[in-house]
Amino acid sequence: MAFSNKFDEASGPSFSRVRVGKAATLDLLGARATPWRSLLILLVLAAVVFAAALLTGSSGIGVRAALAALAGSGDETTRNVLLVVRLPRVLAAFGVGSLLALSGVLLQALFRNPLADPYVLGVSGGAAVGALLAMMAGAAALLVQSAAVAGALAAVALVYLLARGGGTSRLLLTGVVLASACGALVSVLLALADSSRVRGMVFWLAGDLEWAVQPWLSAGAALLAVALAIALARPLNVLAAGELRARTVGLTLEGWRTGLFIACATLTALAVVSAGTVGFVGLITPHAVRLTFRTSDHRLVAPAAALSGGMLLAAADLVARTIAAPRQLPVGAIMALVGAPLFMILLRQRRYAAGHEPARRRYPACVS
(Lines give C-alpha, C1' and ligand atoms only; values in the text may rest on other atoms or scores of the structure.)
Protein backbone atom coordinates (compact mmCIF):
# COMPACT_ATOMS: atom_id res chain seq x y z
CA MET A 1 0.00 0.00 0.00
CA ALA A 2 2.88 2.31 0.76
CA PHE A 3 4.21 1.74 -2.71
CA SER A 4 0.79 2.42 -4.15
CA ASN A 5 0.43 5.68 -2.25
CA LYS A 6 3.84 6.85 -3.34
CA PHE A 7 3.02 5.92 -6.91
CA ASP A 8 -0.25 7.83 -6.75
CA GLU A 9 1.46 10.86 -5.28
CA ALA A 10 4.15 10.76 -7.92
CA SER A 11 1.92 10.08 -10.86
CA GLY A 12 -1.17 12.13 -9.94
CA PRO A 13 0.16 15.53 -11.01
CA SER A 14 1.60 13.98 -14.15
CA PHE A 15 -1.72 12.52 -15.20
CA SER A 16 -3.37 15.83 -14.33
CA ARG A 17 -0.96 17.68 -16.57
CA VAL A 18 -1.68 15.19 -19.37
CA ARG A 19 -5.42 15.70 -18.99
CA VAL A 20 -5.02 19.48 -18.96
CA GLY A 21 -2.79 19.29 -22.00
CA LYS A 22 -5.29 17.18 -23.90
CA ALA A 23 -8.13 19.53 -22.96
CA ALA A 24 -6.12 22.54 -24.08
CA THR A 25 -5.29 20.81 -27.35
CA LEU A 26 -8.94 19.98 -27.97
CA ASP A 27 -9.96 23.56 -27.18
CA LEU A 28 -7.33 24.86 -29.58
CA LEU A 29 -8.45 22.51 -32.32
CA GLY A 30 -12.05 23.51 -31.75
CA ALA A 31 -11.14 27.19 -31.92
CA ARG A 32 -9.31 26.63 -35.18
CA ALA A 33 -12.08 24.50 -36.64
CA THR A 34 -14.87 26.97 -35.87
CA PRO A 35 -13.83 29.68 -38.40
CA TRP A 36 -13.44 27.09 -41.15
CA ARG A 37 -16.84 25.66 -40.29
CA SER A 38 -18.27 29.16 -40.50
CA LEU A 39 -16.57 29.60 -43.89
CA LEU A 40 -18.23 26.39 -45.09
CA ILE A 41 -21.62 27.67 -43.91
CA LEU A 42 -20.97 30.93 -45.73
CA LEU A 43 -20.17 28.99 -48.90
CA VAL A 44 -23.49 27.14 -48.62
CA LEU A 45 -25.35 30.43 -48.11
CA ALA A 46 -23.63 31.89 -51.17
CA ALA A 47 -24.74 28.87 -53.22
CA VAL A 48 -28.32 29.37 -51.99
CA VAL A 49 -28.27 33.06 -52.96
CA PHE A 50 -26.78 32.18 -56.35
CA ALA A 51 -29.57 29.65 -57.00
CA ALA A 52 -32.27 32.07 -55.82
CA ALA A 53 -30.97 34.87 -58.05
CA LEU A 54 -30.82 32.50 -61.02
CA LEU A 55 -34.23 30.88 -60.56
CA THR A 56 -36.32 33.95 -59.66
CA GLY A 57 -36.89 37.22 -61.45
CA SER A 58 -39.44 39.58 -62.94
CA SER A 59 -40.29 37.54 -66.04
CA GLY A 60 -42.93 35.39 -64.30
CA ILE A 61 -41.02 32.12 -64.71
CA GLY A 62 -41.70 29.77 -61.81
CA VAL A 63 -39.03 27.86 -59.96
CA ARG A 64 -40.30 24.50 -61.26
CA ALA A 65 -40.27 25.70 -64.86
CA ALA A 66 -36.80 27.15 -64.38
CA LEU A 67 -35.45 23.88 -62.99
CA ALA A 68 -37.04 21.97 -65.86
CA ALA A 69 -35.44 24.33 -68.38
CA LEU A 70 -32.03 23.91 -66.77
CA ALA A 71 -32.48 20.14 -66.87
CA GLY A 72 -33.11 20.36 -70.63
CA SER A 73 -36.78 19.38 -70.62
CA GLY A 74 -38.35 22.83 -70.42
CA ASP A 75 -39.20 25.62 -72.80
CA GLU A 76 -36.37 27.00 -74.95
CA THR A 77 -37.37 30.59 -74.22
CA THR A 78 -37.19 29.94 -70.49
CA ARG A 79 -33.77 28.37 -70.93
CA ASN A 80 -32.54 31.43 -72.85
CA VAL A 81 -33.83 33.76 -70.13
CA LEU A 82 -31.96 31.78 -67.48
CA LEU A 83 -28.68 31.24 -69.32
CA VAL A 84 -28.44 34.36 -71.49
CA VAL A 85 -30.03 37.01 -69.27
CA ARG A 86 -29.91 35.94 -65.62
CA LEU A 87 -26.73 33.83 -65.40
CA PRO A 88 -24.37 36.56 -66.70
CA ARG A 89 -25.98 39.07 -64.36
CA VAL A 90 -25.63 36.81 -61.31
CA LEU A 91 -22.01 36.04 -62.22
CA ALA A 92 -21.33 39.75 -62.61
CA ALA A 93 -22.92 40.46 -59.21
CA PHE A 94 -20.76 37.86 -57.49
CA GLY A 95 -17.65 39.00 -59.33
CA VAL A 96 -18.15 42.73 -58.69
CA GLY A 97 -19.15 42.19 -55.07
CA SER A 98 -16.09 40.03 -54.46
CA LEU A 99 -13.77 42.57 -56.10
CA LEU A 100 -15.13 45.43 -54.01
CA ALA A 101 -15.01 43.40 -50.80
CA LEU A 102 -11.41 42.32 -51.41
CA SER A 103 -10.44 45.88 -52.23
CA GLY A 104 -11.95 46.97 -48.92
CA VAL A 105 -10.03 44.28 -47.04
CA LEU A 106 -6.73 45.33 -48.61
CA LEU A 107 -7.35 49.04 -48.03
CA GLN A 108 -8.23 48.56 -44.38
CA ALA A 109 -5.08 46.49 -43.91
CA LEU A 110 -3.01 49.11 -45.71
CA PHE A 111 -4.37 52.21 -43.95
CA ARG A 112 -5.28 50.49 -40.66
CA ASN A 113 -8.47 52.54 -40.86
CA PRO A 114 -11.91 50.88 -40.50
CA LEU A 115 -13.46 53.58 -42.71
CA ALA A 116 -11.20 52.85 -45.68
CA ASP A 117 -13.36 52.14 -48.72
CA PRO A 118 -12.55 51.19 -52.34
CA TYR A 119 -13.84 54.55 -53.53
CA VAL A 120 -11.69 56.58 -51.15
CA LEU A 121 -8.81 56.47 -53.63
CA GLY A 122 -10.71 58.47 -56.24
CA VAL A 123 -10.73 55.50 -58.64
CA SER A 124 -14.49 55.44 -59.02
CA GLY A 125 -14.57 59.21 -59.44
CA GLY A 126 -12.04 59.10 -62.26
CA ALA A 127 -13.90 56.22 -63.90
CA ALA A 128 -17.18 58.12 -63.59
CA VAL A 129 -15.74 61.23 -65.24
CA GLY A 130 -14.34 59.17 -68.13
CA ALA A 131 -17.56 57.22 -68.62
CA LEU A 132 -19.79 60.31 -68.53
CA LEU A 133 -17.61 62.09 -71.07
CA ALA A 134 -17.95 59.10 -73.40
CA MET A 135 -21.73 59.01 -72.86
CA MET A 136 -22.02 62.70 -73.66
CA ALA A 137 -20.18 62.03 -76.92
CA GLY A 138 -22.69 59.26 -77.79
CA ALA A 139 -20.15 56.42 -77.59
CA ALA A 140 -21.13 52.75 -77.56
CA ALA A 141 -21.01 50.58 -74.44
CA LEU A 142 -17.53 49.22 -75.18
CA LEU A 143 -16.11 52.72 -75.63
CA VAL A 144 -17.84 53.88 -72.46
CA GLN A 145 -16.14 51.07 -70.53
CA SER A 146 -12.80 51.88 -72.15
CA ALA A 147 -13.20 55.52 -71.15
CA ALA A 148 -14.03 54.42 -67.59
CA VAL A 149 -10.84 52.35 -67.46
CA ALA A 150 -8.81 55.29 -68.78
CA GLY A 151 -10.35 57.61 -66.18
CA ALA A 152 -9.67 55.15 -63.37
CA LEU A 153 -6.04 54.69 -64.42
CA ALA A 154 -5.58 58.46 -64.71
CA ALA A 155 -6.97 58.94 -61.20
CA VAL A 156 -4.66 56.25 -59.82
CA ALA A 157 -1.61 57.78 -61.48
CA LEU A 158 -2.51 61.26 -60.25
CA VAL A 159 -3.04 60.13 -56.65
CA TYR A 160 0.21 58.17 -56.65
CA LEU A 161 2.24 61.04 -58.11
CA LEU A 162 0.81 63.62 -55.70
CA ALA A 163 1.25 61.41 -52.63
CA ARG A 164 4.58 59.87 -53.57
CA GLY A 165 6.95 59.65 -50.64
CA GLY A 166 4.43 61.05 -48.18
CA GLY A 167 3.39 57.86 -46.42
CA THR A 168 0.04 56.17 -45.98
CA SER A 169 -1.83 59.14 -44.50
CA ARG A 170 -0.86 61.42 -47.39
CA LEU A 171 -2.01 58.76 -49.85
CA LEU A 172 -5.37 58.53 -48.13
CA LEU A 173 -5.89 62.29 -47.98
CA THR A 174 -4.92 62.73 -51.63
CA GLY A 175 -7.45 60.08 -52.64
CA VAL A 176 -10.20 61.78 -50.63
CA VAL A 177 -9.47 65.17 -52.19
CA LEU A 178 -9.39 63.73 -55.72
CA ALA A 179 -12.65 61.85 -55.11
CA SER A 180 -14.30 65.13 -54.04
CA ALA A 181 -12.99 66.92 -57.13
CA CYS A 182 -14.27 64.13 -59.39
CA GLY A 183 -17.66 64.35 -57.68
CA ALA A 184 -17.83 68.04 -58.55
CA LEU A 185 -16.90 67.28 -62.17
CA VAL A 186 -19.64 64.63 -62.33
CA SER A 187 -22.20 67.21 -61.17
CA VAL A 188 -21.04 69.65 -63.84
CA LEU A 189 -21.22 66.99 -66.56
CA LEU A 190 -24.74 65.98 -65.52
CA ALA A 191 -25.82 69.62 -65.68
CA LEU A 192 -24.32 70.05 -69.16
CA ALA A 193 -25.53 66.72 -70.59
CA ASP A 194 -28.42 66.40 -73.00
CA SER A 195 -31.69 65.41 -71.29
CA SER A 196 -31.98 62.28 -73.43
CA ARG A 197 -28.72 60.91 -71.99
CA VAL A 198 -29.13 61.93 -68.36
CA ARG A 199 -31.15 58.83 -67.37
CA GLY A 200 -28.45 56.46 -68.62
CA MET A 201 -25.79 58.49 -66.84
CA VAL A 202 -27.71 58.46 -63.57
CA PHE A 203 -28.24 54.69 -63.79
CA TRP A 204 -24.54 54.15 -64.40
CA LEU A 205 -23.63 56.38 -61.46
CA ALA A 206 -26.15 54.60 -59.22
CA GLY A 207 -24.78 51.18 -60.18
CA ASP A 208 -26.29 49.00 -62.88
CA LEU A 209 -25.23 45.44 -63.70
CA GLU A 210 -26.59 45.71 -67.24
CA TRP A 211 -23.23 47.27 -68.13
CA ALA A 212 -21.49 43.98 -67.29
CA VAL A 213 -21.05 42.73 -70.86
CA GLN A 214 -18.19 40.40 -69.80
CA PRO A 215 -19.25 38.85 -66.46
CA TRP A 216 -16.67 36.08 -66.67
CA LEU A 217 -13.92 38.70 -66.56
CA SER A 218 -14.97 40.07 -63.19
CA ALA A 219 -15.68 36.60 -61.79
CA GLY A 220 -12.30 35.26 -62.93
CA ALA A 221 -10.50 38.34 -61.63
CA ALA A 222 -12.20 37.86 -58.26
CA LEU A 223 -11.06 34.22 -58.03
CA LEU A 224 -7.50 35.21 -58.90
CA ALA A 225 -7.55 38.05 -56.36
CA VAL A 226 -8.78 35.70 -53.61
CA ALA A 227 -5.98 33.24 -54.36
CA LEU A 228 -3.36 36.00 -54.26
CA ALA A 229 -4.76 37.45 -51.02
CA ILE A 230 -4.59 34.04 -49.33
CA ALA A 231 -1.04 33.54 -50.60
CA LEU A 232 -0.01 36.96 -49.25
CA ALA A 233 -1.94 36.64 -45.99
CA ARG A 234 1.13 36.75 -43.74
CA PRO A 235 2.48 40.11 -45.05
CA LEU A 236 -1.05 41.51 -44.92
CA ASN A 237 -1.36 40.43 -41.28
CA VAL A 238 1.94 42.11 -40.48
CA LEU A 239 0.90 45.36 -42.23
CA ALA A 240 -2.40 45.36 -40.37
CA ALA A 241 -0.50 45.06 -37.08
CA GLY A 242 1.23 48.41 -37.69
CA GLU A 243 4.28 49.95 -39.33
CA LEU A 244 6.51 49.23 -36.31
CA ARG A 245 5.74 45.51 -36.51
CA ALA A 246 6.27 45.54 -40.26
CA ARG A 247 9.68 47.19 -39.93
CA THR A 248 10.61 44.80 -37.15
CA VAL A 249 10.07 41.73 -39.33
CA GLY A 250 11.83 43.36 -42.28
CA LEU A 251 8.99 44.26 -44.65
CA THR A 252 9.74 46.97 -47.20
CA LEU A 253 6.88 49.31 -46.42
CA GLU A 254 7.16 51.51 -49.49
CA GLY A 255 7.13 48.55 -51.87
CA TRP A 256 4.19 46.84 -50.18
CA ARG A 257 2.31 50.12 -49.92
CA THR A 258 2.72 50.77 -53.65
CA GLY A 259 1.81 47.21 -54.59
CA LEU A 260 -1.33 47.17 -52.46
CA PHE A 261 -2.36 50.58 -53.73
CA ILE A 262 -2.09 49.44 -57.35
CA ALA A 263 -3.88 46.17 -56.56
CA CYS A 264 -6.79 47.96 -54.85
CA ALA A 265 -7.06 50.45 -57.70
CA THR A 266 -7.10 47.62 -60.26
CA LEU A 267 -9.80 45.67 -58.41
CA THR A 268 -11.94 48.79 -58.00
CA ALA A 269 -11.50 49.77 -61.65
CA LEU A 270 -12.63 46.30 -62.79
CA ALA A 271 -15.68 46.53 -60.56
CA VAL A 272 -16.57 50.06 -61.69
CA VAL A 273 -16.24 49.13 -65.36
CA SER A 274 -18.59 46.16 -64.88
CA ALA A 275 -21.29 47.74 -62.71
CA GLY A 276 -20.77 51.47 -62.34
CA THR A 277 -20.40 52.95 -58.86
CA VAL A 278 -21.72 50.57 -56.19
CA GLY A 279 -21.01 51.65 -52.64
CA PHE A 280 -20.95 50.12 -49.15
CA VAL A 281 -19.86 46.61 -50.26
CA GLY A 282 -16.18 47.24 -49.61
CA LEU A 283 -16.95 49.14 -46.40
CA ILE A 284 -19.31 46.85 -44.48
CA THR A 285 -18.19 43.41 -45.70
CA PRO A 286 -14.76 43.34 -43.96
CA HIS A 287 -16.36 44.53 -40.70
CA ALA A 288 -19.07 41.87 -40.87
CA VAL A 289 -16.54 39.13 -41.55
CA ARG A 290 -14.22 40.13 -38.71
CA LEU A 291 -17.10 40.36 -36.24
CA THR A 292 -18.56 37.04 -37.34
CA PHE A 293 -15.32 35.07 -37.52
CA ARG A 294 -13.71 36.87 -34.54
CA THR A 295 -10.37 37.05 -36.31
CA SER A 296 -8.29 39.40 -38.43
CA ASP A 297 -6.29 36.65 -40.10
CA HIS A 298 -6.44 37.36 -43.83
CA ARG A 299 -6.29 33.65 -44.64
CA LEU A 300 -9.91 33.60 -43.48
CA VAL A 301 -10.94 37.23 -43.91
CA ALA A 302 -10.08 37.39 -47.64
CA PRO A 303 -12.15 34.40 -48.89
CA ALA A 304 -14.97 35.09 -46.43
CA ALA A 305 -15.17 38.75 -47.49
CA ALA A 306 -15.18 37.76 -51.18
CA LEU A 307 -18.06 35.32 -50.63
CA SER A 308 -19.97 37.80 -48.47
CA GLY A 309 -19.51 40.67 -50.93
CA GLY A 310 -20.67 38.60 -53.89
CA MET A 311 -23.61 37.22 -51.96
CA LEU A 312 -24.62 40.68 -50.71
CA LEU A 313 -24.53 42.29 -54.15
CA ALA A 314 -26.35 39.35 -55.79
CA ALA A 315 -29.11 39.59 -53.17
CA ALA A 316 -29.36 43.36 -53.70
CA ASP A 317 -29.58 42.83 -57.46
CA LEU A 318 -32.36 40.27 -56.96
CA VAL A 319 -34.31 42.85 -54.96
CA ALA A 320 -33.62 45.53 -57.59
CA ARG A 321 -35.00 43.25 -60.33
CA THR A 322 -38.14 42.12 -58.52
CA ILE A 323 -39.32 44.74 -56.03
CA ALA A 324 -40.71 47.12 -58.69
CA ALA A 325 -41.20 44.64 -61.56
CA PRO A 326 -41.36 45.02 -64.50
CA ARG A 327 -39.14 48.04 -63.83
CA GLN A 328 -35.59 47.49 -62.66
CA LEU A 329 -34.02 49.70 -60.02
CA PRO A 330 -30.31 50.57 -59.84
CA VAL A 331 -28.54 47.97 -57.73
CA GLY A 332 -26.29 50.65 -56.25
CA ALA A 333 -29.31 52.46 -54.81
CA ILE A 334 -30.63 49.25 -53.23
CA MET A 335 -27.16 48.54 -51.86
CA ALA A 336 -26.99 52.00 -50.28
CA LEU A 337 -30.46 51.64 -48.72
CA VAL A 338 -29.47 48.30 -47.20
CA GLY A 339 -25.84 49.13 -46.47
CA ALA A 340 -26.35 52.28 -44.41
CA PRO A 341 -28.48 50.71 -41.64
CA LEU A 342 -26.43 47.51 -41.80
CA PHE A 343 -23.25 49.49 -41.19
CA MET A 344 -24.83 51.20 -38.18
CA ILE A 345 -25.78 47.79 -36.77
CA LEU A 346 -22.22 46.54 -37.28
CA LEU A 347 -20.80 49.59 -35.52
CA ARG A 348 -23.10 48.99 -32.56
CA GLN A 349 -22.13 45.33 -32.36
CA ARG A 350 -18.45 46.24 -32.61
CA ARG A 351 -18.78 48.71 -29.72
CA TYR A 352 -20.68 46.14 -27.65
CA ALA A 353 -18.06 43.46 -28.34
CA ALA A 354 -15.22 45.83 -27.47
CA GLY A 355 -16.81 46.66 -24.13
CA HIS A 356 -17.83 43.16 -23.02
CA GLU A 357 -15.22 40.72 -24.35
CA PRO A 358 -11.95 39.91 -22.61
CA ALA A 359 -8.83 41.61 -23.90
CA ARG A 360 -7.47 38.45 -25.47
CA ARG A 361 -10.66 38.07 -27.49
CA ARG A 362 -10.94 41.78 -28.25
CA TYR A 363 -7.62 41.96 -30.03
CA PRO A 364 -7.15 38.59 -31.77
CA ALA A 365 -3.69 37.73 -32.97
CA CYS A 366 -3.38 38.20 -36.70
CA VAL A 367 0.32 37.57 -37.25
CA SER A 368 1.12 33.94 -37.83
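Here the structure is a predicted model, which means the values were calculated and not measured.

Q: What is the right way to read the pattern of salt bridges from this model?
A: Should their charged atoms come close, side chains of opposite charge can pair. In the structure shown here, the tally under the stated rule is three salt bridges. Taking the shortest distance from any N to any O, the salt bridge between Arg299 and Asp297 comes out at 2.5 Å. Note on Arg299: relative accessible area 39%, which makes it partly exposed. With relative accessibility at 10%, the residue Asp297 sits in the buried group. For Asp317, the salt bridge identified is with Arg321, shortest N-O distance 3.2 Å. Taken together, the residues Asp317 and Arg321, both in helix α13 (residues 298–322) and four residues apart, mark about one turn of the helix. Comparing Asp317 with Arg321 shows no difference in burial state: the two are buried. Sharing partners across several salt bridges, the network here consists of Arg89, Asp317 and Arg321.

Q: Would you mind showing me how to read the packing of helix α4 (residues 123–136) against helix α5 (residues 141–163) here?
A: Relative orientation of the contacting elements α4 and α5 amounts to 145°, with a least axis distance of 7 Å. Remark: the crossing between α4 and α5 carries right-handed chirality. When α4 is examined against α5, the residues Val123, Gly126, Ala127, Gly130, Ala131, Ala134 and Met135 are found in contact with a partner set consisting of Leu143, Val144, Ala147, Ala148, Gly151, Ala152, Ala155 and Val156. Residues belonging to the contact of α4 with α5 are distributed by class as follows: twelve nonpolar, three polar and no charged.

Q: For this particular structure, what's the right way to read the packing of aromatic side chains?
A: Ring pairs (aromatic) are described by centroid distance and by the angle formed between their planes. Applying the stated criterion across every chain, the model contains one aromatic pair. With a centroid separation of 5.6 Å and an interplanar angle of 55°, the aromatic rings of Phe50 and Phe94 are classed as tilted. Pair noted here: Phe50 is in helix α1 (residues 2–55) and Phe94 is in helix α3 (residues 76–111), with a separation of 44 residues, a long-range link.

Calculation criteria
- Residues numbered from 1 in each chain as written.
- Predicted model: local features only at pLDDT ≥ 70, side-chain atom pairs only at ≥ 80, totals over all residues.
- Heavy atoms only, no water.
- Salt bridge = Lys/Arg side-chain N within 4 Å of Asp/Glu carboxyl O.
- Buried < 20%, exposed > 50% of the residue type's maximum accessible area, 1.4 Å probe, protein only.
- Helix = DSSP H or I, 4+ residues; strand = E, 2+ residues; numbered from the N terminus.
- Axes fitted to C-alpha atoms, helices over the stretch in contact; angles between N-to-C directions.
- Left-handed = near helix turned anticlockwise from the far one by under 90°.
- Contact = heavy atoms within 4.5 Å.
- Nonpolar A, V, L, I, M, F, W, Y, C, P; charged D, E, K, R; others polar.
- Phe/Tyr/Trp six-rings, centres within 6.5 Å; stacked < 30°, edge-to-face > 60°.

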